[in-house]
Amino acid sequence: MQLSPDQFSSLKRVITDPAAKLAGILGEDFTVMSNLVAKIEQISRASVALGSSRILFIYDKGAKGIEAITPQKIADVIRDGNHIITVDSMNCIVSSAQGDPNAVLAGDESDKGPTATAICEAGRLIIFAKGRPIADWKTIADITSGRADWRRSHKEIRLCMDDHFKHCIEDESNVVYWHDKKKRVLLAGRDGTEKIFHQSLFWWLKKNLSDALDVYGETLGMGQIKTDITIVTDIGRLVIEVKWLGVSETGGRYGQIRIREGLEQISIYLDKDTKMHGGYLVLYDARPEDKYKAESSYPDGCIHDRCEVPIIYFLQSETPSVIASKRAKK
Amino acid sequence: MSSATLRMGDVLLALKEAGKAQINPTRIQLQKFIYLTDVLGQIVGRPKPNNGHKTYKNGPYDPRIQNAVDALAFRGVARIAGVWRTPGGHLATQYALAKGGLVVLEKIEGNEDFFAKVWLAQLIGNELRRPGRGWARIVNLVYAEPTYVSTRPSGWGESLDFDNGLKTSSAFLIAAMRRVIESANIQSEVSGEWIVNRFFAYLDDFDANYAILRKEA
């Protein structure tokens with residue numbers, strides 16, 4: 001790295017600020033964006049106002065609202081059954097409407113204009129601009145914003161992902177993913193099975209890669225050309241594709257071929273973007289152990305020069321005592 | 001246009017921006033303002049001046065800037081607004097635009113060679129006028145500039161290669177800034193205004209968090 005740790009920290013603070021990114025992408029004034037983000041962040045922290053609701057905020061530069069955004073006002077809007085709120089540059093509510101405030105809508109709305117949109121829920125905020133999520137953070141601290149010994153360089157990304165598996169995935173220690181543990185069926189979750197693993201890994205890398213300038217996590221359903229996780233480093237970009245293997249509660253089923261699909265996908269990203277200097281395929285395997293051991297291969301020639309060997313994490317569903325007795329019988 | 005004329009134009013633009021902030025800048029402040037204009041010149045494709053800024057006892061220094069200031073004062077284009085002796089025994093001078101300077105400035109602002117510099121000087125002037133900054137902090141801000149931070153330990157007289165992206169420099173910093181925005185949205189072209197704004201935010205942050213620690217150390 002050419003910048004000193006002090007310089008790197010300063011740079012990271014000033015460019016990963018969501019308001020700075022909005023200002024950069026939309027060409028808006030930084031102070032206006034900063035005030036807007038601060039106001040929405042305040043709503044996200046005030047979980048009393050939101051409850052379990054999600055709100056989609058749409059920024060309309062040209063509009064003029066009257067009432068200021070406050071947790072109380074947002075609670076009133078939610079009570080009226082509205083979840084889509086248009087706001088102006090003075091942080092006032094212009095209008096509210098009914099609808100499902102999902103990531104696809106947030107992306108589409110931000111592409112019109114173009115403008116900024118934000119999905120706000122208790123403890124979490126995702127900002128979109130020009131059709132893509134540009135910042136995603138937890139407004140309330142959680143386990144992943146944790147220990148000093150979890151922090152690693154992007155050069156140790158494999159170890160960082162191992163840490164994530166050990167502290168978050170293994171034994172469902174931080175992420176619940178089994179729908180039926182005995183039958184090894186995965187949950188589908190609100191946004192799909194992949195999102196369960198993707199989101200958890202994204203947070204982990206965002207918090208624990210100490211020398212990454214930024215980490216972007218894409219949202220499902222927003223197009224096939226978008227990478228799952230992109231890590232911006234001082235020398236370029238890394239891409240991570242997240243997949244799962246096995247069966248999900250909705251009947252989704254993925255086997256060995258999925259590994260190859262993931263590798264092909266990464267090859268496409270790496271060919272398209274010469275500034276991507278590395279690719280990783282991470283798979284969470286919910287298939288039975290014998291399948292995990294016997295059917296985890298892929299053709300030799302399908303790994304791109306800049307892509308690492310696929311990382312397959314086996315999702316254990318049995319307790320250590322059951323595993324031990326099975327092994328003893330064998 | 002000769003480098004001496006260019007430097008005269010740079011000084012007049014700096015004096016104009018200082019005037020907007022109701023400041024009569026010192027020689028050191030003028031040196032720093034022009035240094036920042038040259039550093040950020042790379043975002044509009046302006047090459048670094050040959051044999052320009054070097055490390056010196058009061059930060060980056062280009063003797064041609066001082067020559068330009070003296071020449072402008074001698075010709076009545078700039079005026080000396082104050083002179084005093086510093087505690088160290090040196091003469092300190094403050095400058096301002098003279099009436100004749102306004103006419104010259106008008107011509108400079110209409111000159112194609114200066115379009116980009118006029119625009120940059122305005123952006124830098126705007127940043128300096130933001131709350132919490134001001135011309136009084138310009139020396140501290142320049143001391144936080146990455147090229148100067150990395151070159152300063154080598155001693156006086158070292159050339160400041162702020163446009164060399166292969167070294168620790170502002171060019172490297174700006175490239176990293178662009179990369180973050182590009183990664184968020186490939187279609188976005190990062191504006192010069194945004195880079196200048198974030199560049200100053202960086203200088204502020206570095207000065208506030210690390211410069212004091214170094215002084216204490």
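Scroll up to find the structure this text is about.
A brief look at the structure comes next. Because the structure is a prediction, the values reported are computed rather than measured.

### Quick look at the overall build of chain A
Inference 1: In terms of helices and strands, chain A carries eleven helices and 15 strands.
Inference 2: In terms of overall size, chain A behaves like a compact globule, its C-alpha atoms giving a radius of gyration of 21 Å where 330 residues would be expected to give roughly 20 Å.
Inference 3: With respect to the three principal axes, the spread of C-alpha positions in chain A is 70 × 50 × 35 Å.
Inference 4: Within chain A, the proportion of its 330 residues that are buried is 55%.

### As for the packing of aromatic side chains
All names here are of chain B.
Inference 1: Across all of its chains, the model carries 16 aromatic pairs over all chains by this definition.
Inference 2: Aromatic side chains Phe 33 and Trp 135 sit 5.0 Å apart centroid to centroid with 5° between the ring planes, which places their arrangement in the stacked category. One end of the pair, Phe 33, is in helix α2 (residues 27-40); the other, Trp 135, is in the loop between α5 (115-128) and α6 (138-143), with 102 residues separating them in the sequence. Here the two residues Phe 33 and Trp 135 agree in accessibility, since each one is buried.
Inference 3: Centroid distance Phe 206 to Tyr 210: 5.4 Å. Interplanar angle 50°. Geometry classified as tilted.

### Considerations on unusual backbone geometry
Phi is mostly negative for residues that are not glycine, and the peptide bonds are mostly trans.
Inference 1: Positive phi is not limited to glycine here, since Glu172(A) has a value of about 50°.
Inference 2: Turning to its location among the elements, Glu172(A) is positioned in the loop between α7 (157-169) and β8 (178-180).

### Overview of the sheet that holds strand β2 (residues 67-68) of chain A
Residues and elements named next belong to chain A.
Inference 1: Spatially, β2-β4-β3-β1-β5-β6-β7 is the arrangement adopted by the seven strands of the open sheet, whose pairing is mixed. The open sheet is flanked by β2 and β7 (132-138), the only strands paired with a single partner.
Inference 2: Note: strand β6 (residues 124-129) against β7, six bridges, orientation antiparallel. Paired with Ile 127 across the strands is Ala 135, a residue of β7.

### Some words on the environment of Lys138(A)
All names here are of chain A.
Inference 1: Within the secondary structure layout, Lys 138 lies in strand β7.
Inference 2: Lys 138 gets classed as partly exposed once you look at its relative accessible area, which sits at 23%.
Inference 3: Taking the C-alpha atoms as reference points, Lys 138 and Ala 286, 148 residues apart in sequence, are found 28 Å from one another.
Inference 4: Once you skip the residues sitting within four places of it in the chain, Lys 138 turns out to touch Gly 123, Arg 124 and Trp 203.

### Details of the interface of chain A and chain B
Inference 1: Contacts between the two partners involve 31 residues from chain A, matched on the other side by 30 residues from chain B.
Inference 2: Contact between chain A and chain B buries roughly 2,800 Å² in total, counting both sides, with carbon and sulfur atoms accounting for 57%.
Inference 3: There are two salt bridges connecting chain A and chain B.
Inference 4: A salt bridge links Arg13(A) to Asp205(B); its shortest N-O distance comes to 2.7 Å.
Inference 5: Inspection of the chain A/chain B interface yields eleven residue pairs in polar contact (both at pLDDT 80 or more).
Inference 6: Mapped by element, the contributors of at least two residues to the side of chain A that touches chain B are α1 (5-16), α2 (18-26), α3 (30-45), β7 and β10 (214-217) of chain A.
Inference 7: Here the side of chain A that touches chain B gets eight residues from one element, more than from any other, and that element is α1(A).

### Observations regarding α7(A)
All names here are of chain A.
Inference 1: All of the buried residues along α7 are Ile 157, Cys 160, Met 161, Asp 163, His 164, Phe 165, His 167, Cys 168 and Ile 169.
Inference 2: Looking at the packing, one finds that the buried side of α7 touches α8 (193-208), β11 (229-232), β12 (237-248), β14 (276-285) and β15 (311-314).
Inference 3: Backbone geometry just downstream of α7 places Asp 171 in the positive-phi region, at approximately 55°.

Rules behind the numbers
- Residues numbered from 1 in each chain as written.
- Chains lettered and ligands numbered in written order.
- Predicted model: local features only at pLDDT ≥ 70, side-chain atom pairs only at ≥ 80, totals over all residues.
- Heavy atoms only, no water.
- Helix = DSSP H or I, 4+ residues; strand = E, 2+ residues; numbered from the N terminus.
- Rg over C-alpha atoms; globule rule 2.2 N^0.38 Å.
- Buried < 20%, exposed > 50% of the residue type's maximum accessible area, 1.4 Å probe, protein only.
- Phe/Tyr/Trp six-rings, centres within 6.5 Å; stacked < 30°, edge-to-face > 60°.
- Pairing = 2+ DSSP bridges.
- Contact = heavy atoms within 4.5 Å.
- Buried area = accessible area lost by both parts, 1.4 Å probe.
- Salt bridge = Lys/Arg side-chain N within 4 Å of Asp/Glu carboxyl O.
- Polar contact = N/O pair within 3.5 Å; in protein donor to acceptor, adjacent residues only side chain to side chain.

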